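Observations on chain architecture
Given next are the chains, with one letter for each unit.
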Amino acid sequence: LNWTEYKSYEDILFHKSDEGIARIAINRPEKRNAFRPQTVDELINAFNIVRNDENIGVVLFTGAGPDKRGIYSFCSGGDQSVRGENGYKNDEGKQRLNVLELQRLIRSLPKVVIALVPGFAIGGGQVLHLICDLSIAAENAIFGQTGPRVGSFDAGFGSSYLARLVGQRKAKEIWFLCRKYNSKEALEMGLINAITKIEELEAEGVIWAREILRNSPTAIRILKASFNAENDGIAGIQELSGYTTQLFYSSEEAQEGRDAFLEKRPPDFSEYKWTP
Ligand code: 2NE
């Protein structure tokens, strides 16, 4: 695929193709692609650009690599070397947990996000992969939580949504024991959609993206919101219902209401039926 750089950053790579696919990669391979606040700020910026680009329908979210030792990673979570007393320190010394904003942004992005997991997806990195709509992993990928071992946890999507995917028993095992799981185990427990050879990972992601892009953008956008709504309570319903408002705005019936207000006359909805 012909990628062109969309925007240049320090910690991430951001490319797009001319067929509606973007690729965002965390680019700190020597740290197993651990994220610091700046990494997350850059990811938020890139995902927001994708959100506003009407030509992009699918994002491949991955980790750059390999490192000098030939090891691949998706992401190993928060960078422990900048962890302070109440968050992760940025260059100004301010402490943040901005990955939570990123999680919400990816979930509510009205496009499909596919995680391509080339290696380690650990801690907050495992949660980032979990948040994506679909996940394809290389044969050598490793998944797991370390939170309780390093004095951390994600009691939001990282546990509740994980339990929705793999069941309460397995989710508790993952968090309480902090074991590592290979791709085959991840597939069996419903954590990922498919496994490929590492050298075919991106090509497989592109195949999935192309299949998605053949389908109706509106149908997929609303389906994604409906999957969220089931899990996200009123916030999820708000997202789903917001899309129905958008659809309604495109109807003559809704436009009659707007026009009547602007023309300072009573609205005339008489030609619109109470459809059974
Ligand atoms: C990922 C894993 C299992 C890989 O093991 P291995 O043996 O292949 O690599 P190694 O030697 O541990 O790591 C290579 C280099 O990357 C750094 C290491 O310190 C090492 O640096 P050097 O010694 O070469 O200088 N590195 C790796 N992960 C890092 C990290 N997260 N932060 C800073 N440096 C890191 C193994 O590396 C591992 O277990 N990593 C730590 C995973 C972890 O505990 N992540 C944080 C969980 S908490 C979290 O992410 C979180 C949350 O729970 C809630 C909210 C937000 C975040």
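Residues numbered from 1 in each chain as written. Predicted model: local features only at pLDDT ≥ 70, side-chain atom pairs only at ≥ 80, totals over all residues. Heavy atoms only, no water.

Named according to an unreviewed UniProt entry, the protein chain is 1,4-dihydroxy-2-naphthoyl-CoA synthase originating from Prochlorococcus marinus. You can read under Catalytic activity (unreviewed entry) in the UniProt record for the protein chain the words "2-succinylbenzoyl-CoA + H(+) = 1,4-dihydroxy-2-naphthoyl-CoA + H2O". The UniProt entry for the protein chain carries this comment under Sequence similarities (unreviewed entry): "Belongs to the enoyl-CoA hydratase/isomerase family. MenB subfamily." (UniProt positions renumbered as here; feature names shortened; annotations may be inferred.)

Thoughts on the UniProt feature "site: Important for catalysis" (unreviewed entry) in the protein chain
Per the UniProt annotation, the sites labelled "site: Important for catalysis" (unreviewed entry) are Tyr88 and Tyr249. The greatest C-alpha distance among the annotated residues, which extend across 162 residues, is 42.4 Å, indicating that they are dispersed rather than converging on a single site. Within the secondary structure layout, Tyr88 lies in strand β6 (residues 88-89). On the accessibility criterion, Tyr88 (11% relative accessible area) is buried. The residues contacting Tyr88, other than those within four sequence positions of it, are Pro37, Gly78, Asp79, Gln80, Val82, Arg83, Lys94, Gln95, Arg96 and Leu97. At 3.1 Å, the side chain of Tyr88 and the side chain of Gln80 are in polar contact. Secondary-structure assignment places Tyr249 in helix α9 (residues 217-249). For Tyr249, a relative accessible area of 59% gives the class exposed. The contacts of Tyr249, once residues within four sequence positions are left out, are Ala254 and Gln255. (Helix = DSSP H or I, 4+ residues; strand = E, 2+ residues; numbered from the N terminus. Buried < 20%, exposed > 50% of the residue type's maximum accessible area, 1.4 Å probe, protein only. Contact = heavy atoms within 4.5 Å. Polar contact = N/O pair within 3.5 Å; in protein donor to acceptor, adjacent residues only side chain to side chain.)

Topic: the side chain of Thr196
Position of Thr196 among the secondary structure elements: in strand β13 (residues 194-196). Residue Thr196 is classed as buried on the basis of its relative accessible area of 8%.

Quick look at the site of the ligand
Lining the immediate surroundings of the ligand are 22 residues, of which Ser76, Gly78, Gly124, Thr146 and Ser152 lie closest. The separation between an oxygen atom of the ligand and a polar main-chain atom of Glu30 is 3.2 Å. At 2.7 Å from an oxygen atom of the ligand is found a side-chain nitrogen or oxygen belonging to Thr146. Taking 1,000 Å² as the accessible area of the ligand by itself, protein coverage stands at 68%. (Near = heavy atom within 4 Å. Areas by Shrake-Rupley, 256 points an atom, 1.4 Å probe, with all protein chains shown as cover.)

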